[in-house]
Amino acid sequence: MLNKKKLVVILPAYNAAKTLEKTWQEIPFEYVDDIVLVDDASRDNTVEEAERLGIKTIVHTDNRGYGGNQKTCYRAALGLGADIVIMLHPDYQYTPRLITAMAAMIAWGEFDAVLASRILGRGALKGGMPLYKYIANRFLTFTENLLLGQKLSEYHTGYRAFSREVLERLPLEQNSDDFVFDNQMLAQITWFNFRIGEVSCPTRYFPEASSINFRRSVVYGLGVLKTALQFRFCKMGMAESSLFTPRQ
Ligand SMILES: Nc1nc2c(ncn2[C@@H]2O[C@H](COP(=O)(O)OP(=O)(O)O)[C@@H](O)[C@H]2O)c(=O)[nH]1
Ligand SMILES: [Mg+2]
């Protein structure tokens, strides 16, 4: 609990057996009320590891994708009565030690969503982010800031916090089941005029922490541009999209 708000951590997992325990060990249990892992039909023993650690686990029998995984995560967290939900990748890429700071920015009502940015504080390249991902991140961020009218340092981090109100309000079921889900969510948060805060976050790149290859990154990047354009056209009244409904 933080300010009497129930804090739930969700772990969208896919082949996270090797990194789950390390991630779990750094979770600040004095503030976190519940942890839920959703396994998206991993091919390793993620589920056994989660059960060994005593983590509440939901299993997809078929692979639904990263976005499909998160849909299950948020439904489960809301079902547990969460007031604040932290989405954290169980691949040990981001330190769970920022959970308290991120949740605090929501718990006292200052922000509705918080992103742990790898770009603020210059840690991304030092942490080993491949140069092509860094350049793509900067280009996509610049374009999205223009089209969404935001001023964020990045839109592509896998470490995020949301208030219950945000999760109840966004039409998340309309989103993609693939990686662009994350990006659609930020566009929707902007659409509904929720306040987004950022904290700087160190990142680590090592084989188990990063499996997305160049081809999938390109698909993601194109999806990001499409989302931002959809947002702008909907904002100007030139298009309709179930992602951005009702109109604001
Ligand atoms: N549900 C699901 N998650 C996936 C899949 N592929 C990767 N992920 C997860 O998506 C997240 C981001 O992928 P990752 O390879 O770490 O990307 P990167 O760190 O941005 O290079 C990680 O938490 C992965 O476990 C998949 O097919 N299904
Ligand atoms: Mg990763």
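Residues numbered from 1 in each chain as written. Chains lettered and ligands numbered in written order. Predicted model: local features only at pLDDT ≥ 70, side-chain atom pairs only at ≥ 80, totals over all residues. Heavy atoms only, no water.

A.B. asks: How should I be thinking about the nonpolar core in this particular structure?
C.D. replies: In globular proteins that are soluble, nonpolar side chains generally tend to be buried together. Residues I10, Y74, F162, L167, L170, M185 and I189 are the most contacted members of the largest nonpolar core, which totals 43 residues. The residues touching F162, leaving out its near neighbours within four places in the chain, are Y74, D83, I84, V85, I106, D112, A113, L167, M185 and I189. Of all hydrophobic cores here, the second largest spans 31 residues; its members include L37, I55, I84 and V199. (Core = buried A, V, L, I, M, F, W, Y, C linked by side-chain atoms within 4.5 Å. Buried < 20%, exposed > 50% of the residue type's maximum accessible area, 1.4 Å probe, protein only. Contact = heavy atoms within 4.5 Å.)

A.B. asks: For this particular structure, what's the right way to read the layout of surface pockets?
C.D. replies: Summary: where empty space remains is shown by rolling a probe the size of a single water molecule over the atoms. Here the largest pocket is characterised by a volume of approximately 1200 Å³. Around the largest pocket, the lining is made up of 45 residues, and of these H89, K133, F179, S211 and I212 lie nearest the centre. Within the residue set of the lining of the largest pocket, elements represented by two or more residues are strand 1 (7–13), helix 1 (17–25), helix 3 (66–79), helix 5 (131–148) and helix 8 (214–235). Looking at the lining of the largest pocket residue by residue, the class counts come to 21 nonpolar, 14 polar and 10 charged. (1 Å grid on protein atoms, 1.4 Å probe; cavity = no way out; pocket = protein on both sides within 12 Å on 5 of 7 lines; lining within 4 Å. Points joined across faces, edges and corners; volume = space filled by probe spheres on them. Helix = DSSP H or I, 4+ residues; strand = E, 2+ residues; numbered from the N terminus. Nonpolar A, V, L, I, M, F, W, Y, C, P; charged D, E, K, R; others polar.)

A.B. asks: Just to check I follow, could you spell out the site of ligand 1 for this structure?
C.D. replies: Around ligand 1 sit 16 residues in total, of which D40, D91, Q93, S210 and S211 are the nearest. One nitrogen or oxygen atom from the main chain of A209 is found 2.8 Å from an oxygen atom belonging to ligand 1. One of the backbone nitrogen or oxygen atoms of S211 is found 2.5 Å away from an oxygen atom of ligand 1. Relative to its unbound accessible surface of 570 Å², ligand 1 loses 91% to contact with the protein. At a threshold of 2 Å from the grid points, most atoms of ligand 1 map onto the largest pocket. (Near = heavy atom within 4 Å. Polar contact = N/O pair within 3.5 Å; in protein donor to acceptor, adjacent residues only side chain to side chain. Areas by Shrake-Rupley, 256 points an atom, 1.4 Å probe, with all protein chains shown as cover. Sits in = over half its atoms within 2 Å of the grid points.)

A.B. asks: Is there a simple way to think about the side chain of T190 in this case?
C.D. replies: Summarising the element assignment, T190 is placed in helix 7 (residues 181–191). Within the local environment of T190, its side chain forms a polar contact with the side chain of Q150, the two groups lying 3.1 Å apart. Those residues in contact with T190, other than ones at most four positions away along the chain, are L148, Q150, I196 and F231.

A.B. asks: Hey, could you run me through the pattern of salt bridges in this one?
C.D. replies: Opposite charge on two side chains permits pairing when their charged atoms draw close. Enumeration over the complete set of coordinates arrives at 13 salt bridges. E173 is the salt-bridge partner of R75, the closest N and O atoms lying 2.6 Å from each other. Of the two residues, R75 is situated in helix 3 and E173 in the loop between helix 6 (164–169) and helix 7; the sequence distance between them amounts to 98 residues. Between E154 and R118 there is a salt bridge, with its nearest N and O atoms 2.8 Å apart. Taken together, the residues E154 in the loop between helix 5 and strand 6 (159–163) and R118 in the loop between strand 5 (113–117) and helix 5 connect sequence positions 36 residues apart. Assessed through its relative accessible area of 0%, E154 is described here as buried. Relative accessible area serves as the criterion here: at 4%, R118 is assigned to the buried category. Linked by salt bridges that have partners in common, K6, D34 and K56 make up one network. (Salt bridge = Lys/Arg side-chain N within 4 Å of Asp/Glu carboxyl O.)

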